[in-house]
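# A structural walkthrough
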Amino acid sequence: MDAAVNLPGLTNLLGFDLEGLAAYCEQLGEKRFRATQLFRWIHQKGASDFDQMTDLAKSLRDKLASRACVTALPVISEHISTDGTVKWLFDVGAGNAVEAVFIPETDRGTLCISSQAGCAVGCRFCSTGHQGFSRNLDTAEIIAQLWFAEHSLRKRFNQTERVISNVVMMGMGEPLQNYNALVPALRMMLDDHGYGMSRRRVTVSTSGVVPMIERLRDDCPVALAVSLHAPTDPLRDQLVPLNKKYPIAELLDACNHYLEKAPRDFITFEYCMLDGVNDTPEQAHALVELLRGHVSCKINLIPFNPFPASGLKRSANERVKAFADVLLQAGLITTVRKTRGDDIDAACGQLAGEVQDRTQVHVRMVRAPIVVKGASPS
Ligand code: SAH
Ligand code: SF4
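Counting restarts for each chain, with residues numbered from 1 along the sequence as it is written. Here every chain gets a letter starting at A, and every ligand a number starting at 1, in the order they are written. A pLDDT threshold of at least 70 governs which residues receive local features in this predicted model, and a stricter bar of 80 or more applies before side-chain atom pairs are shown or counted, although totals over entire chains, interfaces and linings include all residues. Note that water and hydrogens are dropped before the side-chain values are worked out from all heavy atoms of the structure.

We now examine helix H3 (residues 58-67). Think of an α-helix as 3.6 residues a turn; residues three or four steps apart then line up on the same face. Every buried residue of H3 is accounted for by Leu-60, Arg-61 and Leu-64. Taken down its axis, H3 places every buried residue within 100° of arc, on the same side. Exposed side of H3, more than 90 degrees from the buried face: Ser-59 and Ser-66 are the residues found there. Whether a residue is buried, partly exposed or exposed follows from its accessible area with a 1.4 Å probe, protein chains only, as a fraction of its type maximum: under 20%, in between, or over 50%, in that order. The helix and strand labels rest on DSSP assignments: H or I over at least four residues marks a helix, E over at least two residues marks a strand, and numbering proceeds from the N terminus. The reported arc concerns the directions from the helix axis to the C-beta atoms and nothing else.

Put into structure tokens, the structure is as follows:
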């Protein structure tokens, strides 16, 4: 695994999972257990200054200071919603930005993070998809979103306890098309010396990259959400172009295979409700036929968050309810996603991260109730 080198000549230690950091320490002639100490300082305490790490020998701290760094992504903006949702826009260079969203609830704190700048899958209803693909984030850039959010929120809430209990890979990008960077980041979330999260509380959401679902099952099984959005191949081909490569039957087979090792005994199917496209009672019945008795699952109906270029509309609430009722009556566990952070455009599919389009970023800032610009990494 490569660490991001984003200061001239300095290796960003946010790019190393514990194994990677141990290998790095060995290269410096240090014992492996030093890596554990260093890892804990960085991820559990949020330290970025080697001089803070007082239980490391001065000679090691000096060595690290001359070769390494712990560097988060520059924050372009931070918006706080009236419901407590916080959205950060991070600069990833060359005019690209990615977003992360913190969603506080009574019993948990969830962080939604990005895996790519843009996305190559190009789903019809997704504004990230419309933006096209810029590049993969590296491991340091993925974990930097969690590192920054966790430690800046702890400071804000004046809290030493963990603030973020759950991570969902539901921000910008298709995580399973950035597999090599994703897996070390997942391991850092799960590591007891890192964020110590339960596998059940880390969710990878995918549009259905079948071979990578298979690999994730063996390499690092976590909770899995699959963006289904249609009960038939012809419709799914139009909404999620990746379906032409990996059609529904193959996807469901991969889901069943994944369940053999998954930390939860169900797959979450996401289904974005699009007016007049995939929201009829017939389509609800077709979905029942497709799933009932075939895959252990929960269905999460997502109200579509419209954006002008999509040409699509959100299904009316009664329509969503009628659709949900068909599924529920057939015995499929179904929930309708609450939208959070609407006033700051933090909802699903609105994470477009256009820094190229400064006017749009500006408009968003004006609409946000509270704007704290230029928040600095802890
Ligand atoms: N690429 C992955 C994860 C990021 S998208 C995936 O597709 O699963 C996270 C979720 O947001 C997906 O379920 C996606 O279908 C949904 N989504 C995308 N655009 C949306 C929109 N405009 N309104 C509502 N949900 C949307
Ligand atoms: Fe990419 Fe997911 Fe958006 Fe589809 S929904 S374009 S896979 S980010």
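Now that the structure has been shown, we can carry on.
What follows concerns the packing of aromatic side chains. Pairing of aromatic rings covers Phe, Tyr and Trp, the last through its six-membered ring, and needs centres within 6.5 Å; plane angles under 30 degrees mean stacked, over 60 mean edge-to-face, and all others mean tilted. Per the stated rule, a full pass over the model turns up five aromatic pairs. Judged by centre distance (5.1 Å) and plane angle (35°), the rings of Tyr-271 and Phe-323 are tilted. One end of the pair, Tyr-271, is in strand E12 (residues 267-273); the other, Phe-323, is in helix H11 (residues 317-329), and 52 residues separate them in sequence. In this structure Phe-323 comes out as buried when scored by relative accessible area, which is 1%. In this analysis the charged atom, NZ for Lys or CZ for Arg, is taken to sit over a ring once it is within 6 Å of the ring centre and within 35 degrees of the ring normal. Its end group placed over the ring of Trp-41, Lys-45 keeps NZ or CZ at 3.9 Å from the ring centre.

To be near a molecule or strand, a residue needs just one of its heavy atoms within 4 Å of it. All residues adjacent to ligand 2 are Cys-119, Val-121, Gly-122, Cys-123, Cys-126, Gly-129, Gly-173, Glu-174 and Ser-207. Three classes are used, and their members are as follows: Ala, Val, Leu, Ile, Met, Phe, Trp, Tyr, Cys and Pro are nonpolar, Asp, Glu, Lys and Arg are charged, and the others, Gly among them, are polar. Residue composition of the shell around ligand 2, by class: four nonpolar, four polar and one charged.

Ranked by internal contacts, the top residues of the largest apolar core, which has 119 residues, are Leu-13, Trp-88 and Met-189. Contacts between residues were defined by any pair of non-hydrogen atoms, one from each residue, lying within 4.5 Å. Excluding residues within four positions of it along the chain, Leu-13 makes contact with Leu-21, Tyr-24, Leu-38, Ile-42, Phe-50, Leu-64, Ala-68, Cys-69 and Val-70. Take the buried residues of types Ala, Val, Leu, Ile, Met, Phe, Trp, Tyr and Cys, join any two whose side-chain atoms come within 4.5 Å, and each joined set is a nonpolar core.

To continue, consider the side chain of Ser-114. Structurally, the position occupied by Ser-114 is in the loop between strand E6 (109-112) and strand E7 (116-118). Owing to a relative accessible area of 0%, Ser-114 belongs among the buried residues under this scheme. A polar contact of 2.6 Å, which involves the side chain of Ser-114, links it to the backbone oxygen of Glu-99. N or O atoms closer than or at 3.5 Å make up a polar contact, with two conditions inside protein: a donor-capable atom paired with an acceptor-capable one, and, for residues adjacent in sequence, both atoms drawn from side chains.

Not every one of the 20 residues close to ligand 1 is listed here, only the nearest: Phe-125, Gly-173, Ser-205, Ser-227 and His-229. Contacts to ligand 1 include Ser-227, whose side-chain N or O atom sits 2.6 Å from an oxygen atom. Those elements that place two or more of their residues in the shell around ligand 1 are strand E10 (202-206), E12 and strand E13 (297-303). Of the residues belonging to the shell around ligand 1, the class tally is nine nonpolar, nine polar and two charged.

As for its position among the elements, Pro-308 is in the loop between E13 and H11. As for Pro-308 and Ser-127, which are separated by 181 residues in sequence, their C-alpha atoms are 9.3 Å apart.

The next thing to look at is the environment of Ile-103. With respect to the element layout, Ile-103 can be found in strand E5 (residues 96-104). It is 4.8 Å that separates the C-alpha atoms of Ile-103 and Thr-85, two residues lying 18 residues apart in sequence. Here Ile-103 is in contact with Thr-85, Arg-108, Gly-109, Thr-110 and Arg-340, once residues within four sequence places are set aside.

This part takes up the environment of Ala-249. Structurally, Ala-249 can be placed in helix H9 (residues 248-259). Separated by 41 residues in the primary sequence, Ala-249 and Leu-290 have C-alpha atoms spaced 9.2 Å apart.

Now for the confidence of the model for the chain. Averaged over every residue, the pLDDT of the chain is 90; the share at 70 or more is 89%. Predicted confidence is poor over residues 1-5, with pLDDT under 50, and the contacts of this stretch with residues over four places away or in other chains come to 18 contacts. Within the model, the stretch residues 354-378 combines pLDDT values under 50 with 53 contacts to residues more than four positions away or in other chains. Summary of the metric used: pLDDT quantifies the predictor's per-residue confidence within the range 0 to 100.

Along the chain, Ser-152 falls in helix H5 (residues 139-156). The class of Ser-152 is buried, set by a relative accessible area of 12%. A polar contact of 2.8 Å, which involves the side chain of Ser-152, links it to the backbone oxygen of Phe-148.

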